[in-house]
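# Breakdown of the fold
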Amino acid sequence: MHELPLRTEAWVLRLDASDPAQDRDLLLRLLEIGFLPGEPVKVIAKGFPSADPIAVRVGHTTFALRHHEAALVRVSATAPVAGGLA
């Protein structure tokens, strides 16, 4: 998600960590605040000059995520199929 252009609609596919054991608490936090598969997301602002943090809207709520946190969220520009798995 950290590479998503500003104000581009996308949907959460999954959370993906290179080391799930090390990132366990962070992955759990992201799930708890709403980064669930199928949820709409949009990057609405980036910090200056380093683009850190990133303001992200998930559903109807806005959060500030660090670049490394946003990098754990995998997104798709295609809306999920209604009614379950395709």
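The structure we're discussing is the one just above.
So, here is what we can say about the structure in this document. Worth saying up front: this structure is predicted, and the values here are computed from it rather than measured. (Residues numbered from 1 in each chain as written. Predicted model: local features only at pLDDT ≥ 70, side-chain atom pairs only at ≥ 80, totals over all residues. Heavy atoms only, no water.)

### Structural notes on the overall build of the protein chain
The cut-off we apply is this: The numbering of helices and of strands both runs from the N terminus, where a helix is a DSSP run of H or I of at least 4 residues and a strand a run of E of at least 2. Atoms counted for the radius of gyration: C-alpha only. Globule rule: 2.2 Å times residue count to the power 0.38. Note on contacts: a residue pair is in contact if any heavy atoms of the two residues lie within 4.5 Å. Per-residue and other accessible areas follow the Shrake-Rupley method at a 1.4 Å probe size, with only the shown protein chains counted as cover for residues. His is not counted, nor are the chain ends, whereas Lys and Arg count as positive and Asp and Glu as negative. Positions of charges follow a simple convention, taking NZ of Lys, CZ of Arg, CG of Asp or CD of Glu.
Along the protein chain, the regular secondary structure elements total two helices and five strands. Sequence-ordered secondary structure for the protein chain, helices as α and strands as β, is β-α-β-β-β-α-β. A compact globule built from 86 residues would reach a C-alpha radius of gyration of about 12 Å, and the protein chain, at 13 Å, matches this within 12%. C-alpha atoms of the protein chain, sized along the principal axes, occupy 40 × 30 × 20 Å. For the protein chain, the proportion of contacts with a sequence separation of at least 24, taken over those separated by at least 6, is 62%. Accessible area for the protein chain stands at about 5,500 Å²; split by element, carbon and sulfur atoms hold 56% of it. Charged side chains in the protein chain number 9 positive and 10 negative. The centres of these two groups are separated by 7 Å.

### Side note on the pairing of strand β4 (residues 61–65)
The criterion, for reference: By definition, two strands form a pair when at least two bridges between them are found by DSSP.
Relative to β4, strand β3 (residues 54–58) is paired through five bridges, and the arrangement is antiparallel. Bridging from a neighbouring strand, Ile54 pairs with Leu65 of β4.

### Quick look at the nonpolar core
Across soluble globular proteins, nonpolar side chains show a tendency to be buried alongside one another. Definition in use: By nonpolar core we mean a set of buried residues, namely Ala, Val, Leu, Ile, Met, Phe, Trp, Tyr and Cys, connected to one another through side-chain atoms within 4.5 Å. The classification of residues rests on relative accessible area computed with a 1.4 Å probe and restricted to protein chains. Under 20% of the type maximum is buried, over 50% is exposed, and intermediate values are partly exposed.
One finds Met1, Leu30, Phe35, Val41, Val56 and Leu65 to be the most contacted residues of the largest nonpolar core, which totals 18 residues. Taken together, the elements giving at least two residues each to this core come down to β1 (10–15), α1 (24–32), β2 (40–46) and β3. Apart from the residues within four sequence positions on either side, Phe35 is in contact with Met1, Val12, Leu15, Leu30, Val41, Val56, Val58, Phe63, Leu65 and Val73.

### Description of the packing of aromatic side chains
The test is simple: Centre distance within 6.5 Å is the pairing criterion for rings of Phe, Tyr and Trp, where only the six-membered ring of Trp is used; planes under 30 degrees apart are then read as stacked, over 60 as edge-to-face, and the remainder as tilted.
Per the counting criterion, the structure on display carries one aromatic pair. An angle of 50° between the planes, with centres 6.3 Å apart, marks the rings of Phe35 and Phe63 as tilted. Here Phe35 is found in the loop between α1 and β2, whereas its partner Phe63 is found in strand β4, with 28 residues between them in sequence.

### Quick notes on the pattern of salt bridges
Threshold: Whenever a carboxyl oxygen of Asp or Glu lies within 4 Å of a side-chain nitrogen of Lys or Arg, that contact is scored as a salt bridge.
This model, assessed by the stated rule, comprises four salt bridges. One salt bridge in this structure joins Arg74 and Asp16, with 3.5 Å as the shortest N-O distance. Of this pair, Arg74 sits in strand β5 (residues 73–76) while Asp16 sits in the loop between β1 and α1; the two residues are 58 residues apart in sequence, bridging distant segments of the chain. Asp25 is the partner of Arg24 in a salt bridge, and the nearest nitrogen-oxygen pair spans 3.5 Å.

In short, the description is geometric, and any link to function would need to be established separately.
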